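# Descriptive structure summary
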Amino acid sequence: MKIPTSQGIPIVDMSQHTTRWQEIVRELRQALQYTGFVYLVNHGIPEHIVNCAFQQSVKLFALPLEDKMKFERDLDDTFHGYTKPGLKVINPRSNTCLKELRESFDCNIYNGSSCPYPEDAGDFKPAMHALVSECKELAIVILKMLGDALDLSDQDYFLRHHKCLWKETVPNYTSLRSLFYPQITEDISGAIRFDEHTDYGTFTLLFQDDVGGLEVKTQDGKWIPATPIPGSIVVNTGDLLNSWSGGLYASTFHRVVVPQDEYRKQKPRQSIAFFVKPDNDTVVAPLVNPEIPSKIPEFQNITAGEHFKQRTMSTRRT
Ligand SMILES: O=C(O)CCC(=O)C(=O)O
Ligand SMILES: [Fe+2]
């Protein structure tokens, strides 16, 4: 089976997924196994809902810094809120520190409506929540497919550990993050838009604009561009799904670099990421290949909620 690719990253067509189920399951399995990244096209999320979330995000990030800082991300409890640009991040692998040229707003979806949003940002909150509803529906389909692809005897195993996707009151750190990368106007040595990392959870749905800069590390250590494909969603598997699948699904390093050419340096970049995470009380243990050691042994036998907290704090910005 030959799947079309864009510079090595597979493209999977989700149209008529109920009738083409097995074909798509096979393609997703192959794609996530080798690259850990895949573009989904014809995924069913209406374009106007995605565009609206992008447009309302522009309004939010245009607010004065002091207004946004009133909604600074709560790193003790909800992990909801605003992160200012220019903070330093610690790369736990290399123990190096880089300045990240991005700002972001994380929307907690657990009892989501109760978390605070800036009133002056117009319709940012309803626009993000409309996208959350769409992402939840797509995530349910993908979780079923990933379970099928692993041939699990309990086909709903993954679904049962992501109840937050249909029940808002189940404690879970699944979130929708809007990212804004300002235009580059000064010397940026020692800085990057988003330093290399893997995502922590089950998988991520990523919407990006047409500026580009997202890069993915291949198994042989090369960085390849995840060039924007209009209307597509980039899906990548996270560390917990890597463990759950006994290492089958790759959890791939990715980063966002500053574009080389002046024209694109002058443009801000936007993206929106829906991070699907298991319900907080889930203990993730390999379902297949239990003999293969987990890539993240230090987080074995702890719950998904604790895993997320520890990972977020270990890269805490200074
Ligand atoms: O902005 C992007 O394209 C990537 C964002 C990302 O990797 C993340 O938020 O984890
Ligand atoms: Fe990421």
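Residues numbered from 1 in each chain as written. Chains lettered and ligands numbered in written order. Predicted model: local features only at pLDDT ≥ 70, side-chain atom pairs only at ≥ 80, totals over all residues. Heavy atoms only, no water.

By the naming in an unreviewed UniProt entry, the protein goes by Fe2OG dioxygenase domain-containing protein and is assigned to Orchesella dallaii. The protein has a UniProt comment under Sequence similarities (unreviewed entry) that states "Belongs to the iron/ascorbate-dependent oxidoreductase family." (UniProt positions renumbered as here; feature names shortened; annotations may be inferred.)

### Focus: the packing of aromatic side chains
For the structure shown, the criterion picks out 11 aromatic pairs. Taking the centre distance of 4.9 Å and the plane angle of 35 degrees together, the rings of tyrosine 173 and phenylalanine 308 count as tilted. A residue pair is termed long-range when its members are at least 10 positions apart, and tyrosine 173 in the loop between helix H5 (157-160) and strand E8 (175-181) and phenylalanine 308 in helix H8 (residues 304-314) qualify at 135 residues. We classify phenylalanine 308 as buried; its relative accessible area is 7%. Taking the centre distance of 6.2 Å and the plane angle of 55 degrees together, the rings of tyrosine 200 and phenylalanine 308 count as tilted. Note that tyrosine 200 is positioned in the loop between strand E10 (194-197) and strand E11 (203-208) and phenylalanine 308 in helix H8, a separation of 108 residues in sequence. In terms of burial, tyrosine 200 and phenylalanine 308 fall into one category: buried. The structure contains a cluster of three or more aromatic residues connected by ring pairs, namely Phe79, Tyr173, Tyr200 and Phe308. (Phe/Tyr/Trp six-rings, centres within 6.5 Å; stacked < 30°, edge-to-face > 60°. Helix = DSSP H or I, 4+ residues; strand = E, 2+ residues; numbered from the N terminus. Buried < 20%, exposed > 50% of the residue type's maximum accessible area, 1.4 Å probe, protein only.)

### A closer look at the coordination of the iron ion (ligand 2)
Angles between donor atoms at a metal ideally measure 109.5 degrees for a four-coordinate tetrahedral arrangement and either 90 or 180 degrees for a six-coordinate octahedral one. Around the iron ion (ligand 2), the protein contributes the donor atoms His197 (NE2), Asp199 (OD) and His254 (NE2), which lie 2.1 to 2.2 Å from the metal centre. Mapped onto the polypeptide sequence, the residues donating to the iron ion (ligand 2) form the spacing pattern H-x1-D-x54-H. Residue histidine 197 shares its accessibility class with aspartate 199, and that shared class is buried. (Donors = N, O, S within 2.8 Å, 3.2 Å for Na, K, Ca; no water.)

### A short note on empty space enclosed by the protein
Summed over the entire model, instances satisfying the criterion amount to five cavities of 30 Å³ or more. What the largest cavity holds in volume is close to 150 Å³. If you go around the largest cavity, you meet 18 residues; those closest to its centre are Leu179, His197, Leu206, Leu214 and His254. Secondary structure elements with two or more residues in the lining of the largest cavity: E8, E10, E11, strand E14 (233-237), strand E15 (254-256) and strand E16 (269-276). Ranked by residue count, the leading element in the lining of the largest cavity is E16, at four residues. Across the lining of the largest cavity, the residue classes break down as 10 nonpolar, five polar and three charged. (1 Å grid on protein atoms, 1.4 Å probe; cavity = no way out; pocket = protein on both sides within 12 Å on 5 of 7 lines; lining within 4 Å. Points joined across faces, edges and corners; volume = space filled by probe spheres on them. Nonpolar A, V, L, I, M, F, W, Y, C, P; charged D, E, K, R; others polar.)

### A short note on the environment of aspartate 67
Here aspartate 67 shows up in helix H3 (residues 65-69). You can call aspartate 67 buried: its relative accessible area is 19%. Note: C-alpha distance between aspartate 67 and leucine 143 (76 residues apart in sequence) is 38 Å.

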